[in-house]
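# Observations on the three-dimensional arrangement
The primary structure of each chain is shown beneath.
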Amino acid sequence: MNSVEIMKSIEDSQVRENELKFNVGDTIRVSAMIKEGNRSRIQVFEGTVIKKQGTGARKTFTVRKNSNGVGVEKTWPMNSPLIEKVEVVRLGKARRAKLFYLRDRVGKKAKVKEIVR
């Protein structure tokens, strides 16, 4: 085995069995495990998915929300064991893969159109 095959086998063992199903533009609620000292708790972060990138074990997604008038973005690895669950709150209609233009918008302009099903 060469080094590329070894890296591939290690990464394949790290991939989550139940894949997280959401798209760019969706509003999601991420429940993540937070460790503070010797205690741990679950913290919920709700916002709009502005990008998904990478493949395999290196896949990540970024969620953006406005908190007290300040934009906050968090990036998580898709296969992180610290992510307890991801709930889709609203399905969004995005016409591009990365929604970086939302960073410049404030208020109602910062919304993504909702897909009604």
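This section reports on the structure supplied with the text. Quick caveat: nothing in here was measured; it's all calculated off a predicted structure. (Residues numbered from 1 in each chain as written. Predicted model: local features only at pLDDT ≥ 70, side-chain atom pairs only at ≥ 80, totals over all residues. Heavy atoms only, no water.)

### What to know about a nonpolar patch on the surface
On the surface, a cluster of nonpolar side chains totalling about 330 Å² of accessible area is made up of Met1, Ile6 and Ile10. With respect to the secondary-structure elements, Met1 resides in the segment before helix 1 (3–14). (Patch = residues over 30% accessible without salt bridge, like charges linked within 9 Å, V, L, I, M, F, W, Y side chains within 5 Å. Areas by Shrake-Rupley, 256 points an atom, 1.4 Å probe, with all protein chains shown as cover. Salt bridge = Lys/Arg side-chain N within 4 Å of Asp/Glu carboxyl O. Helix = DSSP H or I, 4+ residues; strand = E, 2+ residues; numbered from the N terminus.)

### Some details on the pattern of salt bridges
This model, assessed by the stated rule, comprises eight salt bridges. In this structure, Arg29 and Glu87 form a salt bridge, with 3.8 Å as the shortest nitrogen-oxygen distance. Taken as a pair, Arg29 in strand 1 (residues 27–36) and Glu87 in strand 5 (residues 83–90) lie far apart in primary sequence, 58 residues in all. Residue classification places Arg29 among the partly exposed positions, given a relative accessible area of 27%. In the salt-bridge network here, residues are joined through shared partners; they are Arg29, Glu46, Lys85 and Glu87. (Buried < 20%, exposed > 50% of the residue type's maximum accessible area, 1.4 Å probe, protein only.)

### Overview of the environment of Ser3
With respect to the helices, strands and loops of the structure, Ser3 is situated in helix 1. By relative accessible area, which is 54% here, Ser3 ends up exposed. For the pair Ser3 and Thr27, spaced 24 residues apart in sequence, the C-alpha separation works out to 39 Å.

### Quick notes on the sheet that holds strand 2 (residues 39–53)
Pairing within the open sheet is antiparallel, and its five strands lie in the order 4-3-2-1-5. The strands lining the two open edges of the sheet, one partner per strand, are strand 4 (70–77) and strand 5. Neighbour to neighbour, the strand axes of the sheet diverge by 40° on average, direction disregarded. (Pairing = 2+ DSSP bridges. Axes fitted to C-alpha atoms, helices over the stretch in contact; angles between N-to-C directions.)

### Regarding unusual backbone geometry
What is expected of a backbone is that most residues other than glycine have negative phi and most peptide bonds are trans. One non-glycine residue, Asn68, adopts positive backbone phi at about 55°. By secondary structure assignment, the location of Asn68 is in the loop between strand 3 (60–67) and strand 4. Owing to a relative accessible area of 80%, Asn68 belongs among the exposed residues under this scheme.

### Examining the packing of aromatic side chains
Summed over all chains, the structure comprises three aromatic pairs. With a centroid separation of 5.6 Å and 70° between ring planes, the pair formed by Phe45 and Trp76 is classed as edge-to-face. Remark: Trp76 occurs in strand 4 and Phe45 occurs in strand 2; sequence separation between them is 31 residues. Given the relative accessible area of 6%, Phe45 is considered buried. Given the relative accessible area of 12%, Trp76 is considered buried. For the pair Phe61 and Trp76, a centre-to-centre distance of 5.7 Å together with 35° between the ring planes defines the contact as tilted. Of this pair, Phe61 sits in strand 3 while Trp76 sits in strand 4, and the two are 15 residues apart along the sequence. Phe61 sits in the buried class, given a relative accessible area of 0%. (Phe/Tyr/Trp six-rings, centres within 6.5 Å; stacked < 30°, edge-to-face > 60°.)

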